[in-house]
Amino acid sequence: MTISPTNRSRLQIATLLVFATLLTACGINNIPTLDEQAKAAWGQVQNQYQRRADLIPNLVETVKGYAAHEQETLTAVIEARAKATSIQVDASTLDNPEKLKQFQQAQDQLTGALSRLMVVSERYPDLKANQNFLALQSQLEGTENRIAVARRDFILAVQKYNTEIRTFPGRLWHSVMYSDLPMRETFEATTPGAEKAPEVKF
């Protein structure tokens, strides 16, 4: 039996549609989708750290007005902020575990310096009553919570991505089509309690 050109064309289209449906259903797009989700989650981590960095100059100036002789503590915060913001990171940082670790360590140092600044502020009742300081304190607490949430979301996104490329059928698709996408590193707790937002008391 001879198949007419029109029927052959229809048969080819139908075969392609069935093949495309099978590919879609088997998770061929999972790896790039999860990779993009991990990058987006990383972007949110960066966004929240930047928000914190933007609050610090106003916080330091406010504290300086009441506690000018706490220069060592104020300088430590300024230097830690400068170091944390000097490390240039973007989505490609996810492919560089060493740079990710440097970024994390700089942010941890800034967290420590801020915690020391908050302890110092306890000595100054007038500072603790200042409306600008109270507003900054509230924003800082909110930002620390957002950082914790963003880091958690990033860790979960990386976990899903890494699991996908290590299990079937994702492992197959990774070796065939996405071998250029590596396993992703995530944040590690470098100090005791680092997985929790710092407790800020005034």
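Conventions adopted
Residues numbered from 1 in each chain as written. Predicted model: local features only at pLDDT ≥ 70, side-chain atom pairs only at ≥ 80, totals over all residues. Heavy atoms only, no water. Salt bridge = Lys/Arg side-chain N within 4 Å of Asp/Glu carboxyl O. Helix = DSSP H or I, 4+ residues; strand = E, 2+ residues; numbered from the N terminus. Buried < 20%, exposed > 50% of the residue type's maximum accessible area, 1.4 Å probe, protein only. Contact = heavy atoms within 4.5 Å. Phe/Tyr/Trp six-rings, centres within 6.5 Å; stacked < 30°, edge-to-face > 60°. Lys NZ or Arg CZ within 6 Å of the ring centre and 35° of its normal. Axes fitted to C-alpha atoms, helices over the stretch in contact; angles between N-to-C directions. Parallel < 35°, antiparallel > 145°, perpendicular 65-115°, else oblique. Left-handed = near helix turned anticlockwise from the far one by under 90°. Nonpolar A, V, L, I, M, F, W, Y, C, P; charged D, E, K, R; others polar.

Peer 1: So, the pattern of salt bridges: which residues are in play, and what are the values?
Peer 2: Within this structure, the stated rule accounts for 9 salt bridges. A salt bridge links D35 to K39; its shortest N-O distance comes to 3.4 Å. On the criterion of helical spacing, the pair formed by D35 and K39 is a turn pair, its members being 4 residues apart in helix α2 (residues 30–66). Using a relative accessible area of 27% as the deciding quantity, one classes K39 as partly exposed. A salt bridge links R184 to D95, with the nearest nitrogen and oxygen atoms 1.9 Å apart. One end of the pair, R184, is in the segment after α7 (170–176); the other, D95, is in the loop between α3 (71–86) and α4 (97–121), with 89 residues separating them in the sequence. One connected set of salt bridges, linked through shared partners, spans D35, E36, K39, D95 and R184.

Peer 1: Outline the side chain of H174, supporting the account with residue identities and numerical values.
Peer 2: Note that H174 resides in helix α7. Setting aside residues no more than four positions away along its own chain, H174 makes contact with I31, I165, S179 and L181.

Peer 1: An account of the packing of aromatic side chains is requested, with residue identities and associated values reported.
Peer 2: Counting across every chain of the model gives 5 aromatic pairs. An angle of 70 degrees between the planes, with centres 5.3 Å apart, marks the rings of W42 and F103 as edge-to-face. Taken together, the residues span a long stretch of sequence, with W42 in helix α2 and F103 in helix α4 at a distance of 61 residues. Given the relative accessible area of 4%, F103 is considered buried. Centre to centre, the rings of F154 and F187 are 5.6 Å apart; their planes meet at 75 degrees, and the pair counts as edge-to-face. Of this pair, F154 sits in helix α6 (residues 131–166) while F187 sits in the segment after α7, and the two are 33 residues apart along the sequence. Like F154, the residue F187 is buried in the burial classification. Taken together, W42, Y49, F103, F154 and F187 form an aromatic cluster joined through their ring pairs. Positioned above the aromatic ring of F187, the side-chain terminus of R151 is 4.1 Å from the ring centre. If you follow R184 out to its NZ or CZ, it ends over the ring of Y161, 5.3 Å from the centre.

Peer 1: Go over the packing of α4 against α6, please, and point to the residues and values.
Peer 2: Where α4 meets α6, the closest approach of the two axes is 13 Å, and the angle between their N-to-C directions is 150 degrees. When the interaxial angle is binned, α4 and α6 end up roughly antiparallel. For α4 against α6, the interelement crossing comes out left-handed. Each of Q104, D108, L114, M118 and S121 in α4 lies in contact with α6, whose residues at this interface are F133, L140, E144 and R151. Within the contact of α4 with α6, the residues separate by chemical class into 4 nonpolar, 2 polar and 3 charged.

Peer 1: Before we move on, could you go through the packing of α2 against α4 and cite the residues and values that matter?
Peer 2: The relative placement of two packed helices is expressed as an angle between their axes plus a distance between the axes. The interhelical angle for the contact between α2 and α4, taken along N-to-C directions, is 30 degrees, at an axis separation of 12 Å. The two elements α2 and α4 meet at a crossing, and its hand is left-handed. Contacts from W42, Y49, R52, I56, L59 and V63 of α2 reach α4 at L100, F103, Q107, L110, T111, L114, L117 and M118. Its residues assigned to classes, the contact of α2 with α4 comprises 11 nonpolar, 2 polar and 1 charged.

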